[in-house]
Amino acid sequence: MTEVDITAPAEQFFSAQTREALAEASRRLAERLQAHTDALLAMTGAEEQSALYEQNAALEELVEGWNDAVFEHTGTAPLLLEDSVDDEDDEAEQDQVISVVSRFDLRVVDLDALLDAGRAAQERHPAEVDDGGEDEPVDSAEQAIYEISREVGEAWFELPGIEMVAGARAYVVPELPFEPLDADAEDVVTELIAPNGVATHAETWA
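### Brief notes about the overall build of the protein
- Across its full length, the protein carries five helices and three strands.
- Reading the secondary structure of the protein in the N-to-C direction produces α-α-α-β-α-α-β-β.
- Here the protein, with 206 residues, has 22% of them falling under the buried criterion.
- With an accessible surface of roughly 14,900 Å², the protein has 51% of that area assigned to carbon and sulfur atoms.

As structure tokens, then:
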């Protein structure tokens, strides 16, 4: 047992209110622990890893709540749990992160010119493909823009056959809680949003 010094008067503890809170926290923890065990036993290893993380996170939250309830009732903490908030604060102090979020709406005014430029860019910088694979044919505006961007970066203002409708870019200093961009997400589009934080600069084009 991890003993915690009791600096407040003893009558602060062992009250009817803390006793009721501890009983409720213990009941919820017992139910969650059984549900957690049942879920783990039912797993075969073929599930998405996120399912396991969700189960673990749900249990962790209740364990922390139960540990707090014991402390509120007795002044002692049975479990020495890591303070995840402090860990996040330490990481935030050590690493400076800037999120740059942009969007450009483009109108195709000369598809043939755009396709020609995209095919030429693909020939100069072919994409890495699996053994036996081939580059995607440049037969659409989006494929052509993709190939040109792979070669020269963000060329929104110089794309052949393209007219800029509107564009915007924001520079954001993230704040906690900060969810980093998941480059491996199945739906990358949902990741293209500004994170929680302060926008320091913004640019727009029209």
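Now that the structure has been shown, we can carry on.
### What about the nonpolar core?
- Among the nonpolar cores identified, the biggest contains 15 residues, and Leu114, Ala144, Ile145, Ile148, Trp156, Leu159 and Ile162 are the most heavily contacted of them.
- Put simply, the parts of the chain that give this core at least two residues each are helix H4 (111-124), helix H5 (141-152) and strand E2 (162-174).
- Not counting chain neighbours up to four residues away, the residues in contact with isoleucine 145 comprise Leu106, Leu114, Trp156, Leu159 and Ile162.

### Focus: the sheet that holds E2
- Strand order in this open sheet of three strands is E1-E2-E3, and the pairing throughout is antiparallel. Edge positions in the sheet fall to strand E1 (99-108) and strand E3 (197-205), since each of these pairs with one other strand and no more. For this sheet the average axis-to-axis angle between neighbouring strands, irrespective of direction, equals 10°.
- Two elements, E2 and E3, share eight bridges in a ladder whose sense is antiparallel. Each residue of the ladder has a partner; that of arginine 169, found in E3, is glutamate 203.

### Some points on unusual backbone geometry
- Located in the positive-phi region is phenylalanine 14, a residue other than glycine, with phi close to 55°.
- Within the secondary structure, phenylalanine 14 is located in the segment before helix H1 (16-42).
- A relative accessible area of 47% places phenylalanine 14 in the partly exposed class.

### Brief notes about the pattern of salt bridges
- All told, the structure shown has nine salt bridges when counted by the stated rule.
- The partner of arginine 107 in a salt bridge is glutamate 163, with the nearest N and O atoms 2.4 Å apart. On the criterion of sequence distance, the pair formed by arginine 107 in strand E1 and glutamate 163 in strand E2 is long-range, its members being 56 residues apart.
- On the basis of relative accessibility, which here comes to 41%, the residue arginine 107 falls in the partly exposed class.
- With a relative accessible area of 37%, glutamate 163 lands in the partly exposed category.
- The partner of arginine 169 in a salt bridge is glutamate 154, with the nearest N and O atoms 2.5 Å apart. Here arginine 169 is found in strand E2, whereas its partner glutamate 154 is found in the loop between H5 and E2, with 15 residues between them in sequence.

The rules behind each value
- Residues numbered from 1 in each chain as written.
- Predicted model: local features only at pLDDT ≥ 70, side-chain atom pairs only at ≥ 80, totals over all residues.
- Heavy atoms only, no water.
- Helix = DSSP H or I, 4+ residues; strand = E, 2+ residues; numbered from the N terminus.
- Buried < 20%, exposed > 50% of the residue type's maximum accessible area, 1.4 Å probe, protein only.
- Areas by Shrake-Rupley, 256 points an atom, 1.4 Å probe, with all protein chains shown as cover.
- Core = buried A, V, L, I, M, F, W, Y, C linked by side-chain atoms within 4.5 Å.
- Contact = heavy atoms within 4.5 Å.
- Pairing = 2+ DSSP bridges.
- Axes fitted to C-alpha atoms, helices over the stretch in contact; angles between N-to-C directions.
- Salt bridge = Lys/Arg side-chain N within 4 Å of Asp/Glu carboxyl O.

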